[in-house]
Amino acid sequence: MPLKALLFGSIGVLAETSDIQRRAYNQAFVEKGLAWRWDPETCRYLLQFVGGQARLRLLSNATNAGLSDVLIADIHAHKTQLAGEMVNAEINSGRPGVAEAIAAAKQAGLKLGIVTSTQHANIAAVAGAAGIDLADFDVVVSNADVAESKPDPAPYLYALDKLGVDSADAAAIEDTGSSAASAVSAGIRGIATPGAYAAGQDFRQADAVVADLL
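Small disclaimer: the values here were computed from a predicted structure and weren't measured.

Conventions we followed
- Residues numbered from 1 in each chain as written.
- Predicted model: local features only at pLDDT ≥ 70, side-chain atom pairs only at ≥ 80, totals over all residues.
- Heavy atoms only, no water.
- Buried < 20%, exposed > 50% of the residue type's maximum accessible area, 1.4 Å probe, protein only.
- Helix = DSSP H or I, 4+ residues; strand = E, 2+ residues; numbered from the N terminus.
- Pairing = 2+ DSSP bridges.
- Right-handed = clockwise from strand over helix to strand, strands pointing away.
- Contact = heavy atoms within 4.5 Å.
- Axes fitted to C-alpha atoms, helices over the stretch in contact; angles between N-to-C directions.
- Core = buried A, V, L, I, M, F, W, Y, C linked by side-chain atoms within 4.5 Å.

Draft legend 1. Inspection of the pairing of strand β2 (residues 111–115) at higher detail. Burial runs high along β2: four of the five residues are buried. As paired elements, strand β1 (residues 5–8) and β2 share four bridges and run parallel to each other. Bridging from a neighbouring strand, Leu-7 pairs with Gly-113 of β2. For β2 and strand β3 (residues 139–141), the ladder comprises three bridges, and the chain directions are parallel. Directly across from Gly-113, in β3, lies its bridge partner Val-139. Each parallel crossover has a hand, and the one from β2 via helix α7 (residues 120–129) to β3 is right-handed.

If you want it as structure tokens, here you go:
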């Protein structure tokens, strides 16, 4: 069955931002008076869980830090600001094959979407730095659009509804195992292209796993 829609499932599919996010969290921790420091191994573990505030809450509970919801939201907002600045300074292209995949999909007449569980500000920052025009996309889903985060299928179901496309007629590109599970749970074919910190995650639900979109 021919495709009618191609969905990019996260900012990490568009550009490699994992280490930027890690460094932004660490700077936010320092500036908010926390002694936490996330090394790459910590981030690899936390990438199994979707959502920055959820990861902060997970560690707060695990370490008995007792961070309030207000402080967690404040740390996350500051991290987002710092990460946006780093993205603008350090990112100047998308991941290999992303631009080509977007161009090929447009030429084939497919509908395009970005389906994430992050803030729209993060999507705009990464897309802009990577030279990706959000105007090329028929739907852009952020955490403001649905109450449930991945791996729940809700973000993808919302995108399909907005596009007027059946799940069998869509494919999704994801960079983490939990996010790929979201697409598959929505009945969408999943293509995994693991990010730098997601290598070794469980991608068995994906229909294909590729190093990059080239």
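Draft legend 2. Representation of the pairing of strand β4 (residues 170–174). Of all five residues that make up β4, five are buried, and the element is covered over most of its length. The alternating pattern of β4 places Ala-170, Ala-172 and Glu-174 and Ala-171 and Ile-173 on opposite faces, both of which are buried. Bridge count for β1 against β4 is four bridges, and the pairing is parallel. Bridge pairing in β4 places Leu-7 opposite Ala-172. Two elements, β4 and strand β5 (residues 189–192), share four bridges in a ladder whose sense is parallel. Across the sheet, residue Ala-172 finds its bridge partner in β5, namely Gly-190. Handedness of the crossover is the feature at issue here: the chain leaves β4, passes through helix α9 (residues 177–185), returns alongside β5, and the resulting connection is right-handed.

Draft legend 3. Broad picture of the sheet that holds β3. Strand order in the open sheet formed by six strands is β3-β2-β1-β4-β5-β6, with parallel pairing between adjacent strands. Sheet topology places β3 and β6 (208–209) at the edges, where each strand pairs with a single neighbour. On the sheet, helix α8 (residues 154–163) packs against β1, β2, β3 and β4 and is oriented at approximately 160 degrees with respect to β3.

Draft legend 4. How the structure looks around the environment of Lys-4. Among the structural elements, Lys-4 can be located in the segment before β1. When its relative accessible area of 47% is taken as the criterion, Lys-4 is described as partly exposed. Sequence spacing of Lys-4 and Leu-46 is 42 residues, and the spatial spacing of their C-alpha atoms is 33 Å. Not counting the four nearest positions on each side in its chain, Lys-4 is found in contact with Leu-110, Lys-111, Val-165 and Asp-169.

Draft legend 5. Highlighting the nonpolar core. Ranked by size, the top nonpolar core spans 45 residues in total, and within it Phe-8 and Trp-38 carry the most contacts. Residues contacting Trp-38, with those up to four places away along its chain left out, are Arg-22, Tyr-25, Asn-26, Phe-29, Cys-43, Leu-46, Leu-56 and Leu-59. In terms of nonpolar packing, the next biggest core, distinct from the first, is built from 15 residues, Leu-7, Val-139, Val-141 and Ala-172 among them.

Draft legend 6. Molecular detail of the side chain of Asn-122. Within the secondary structure, Asn-122 is located in helix α7. Of the residues examined, Asn-122 reaches a relative accessible area of 7% and is grouped as buried. Excluding anything up to four places from it in sequence, Asn-122 contacts Ile-11, Lys-79 and Thr-80.

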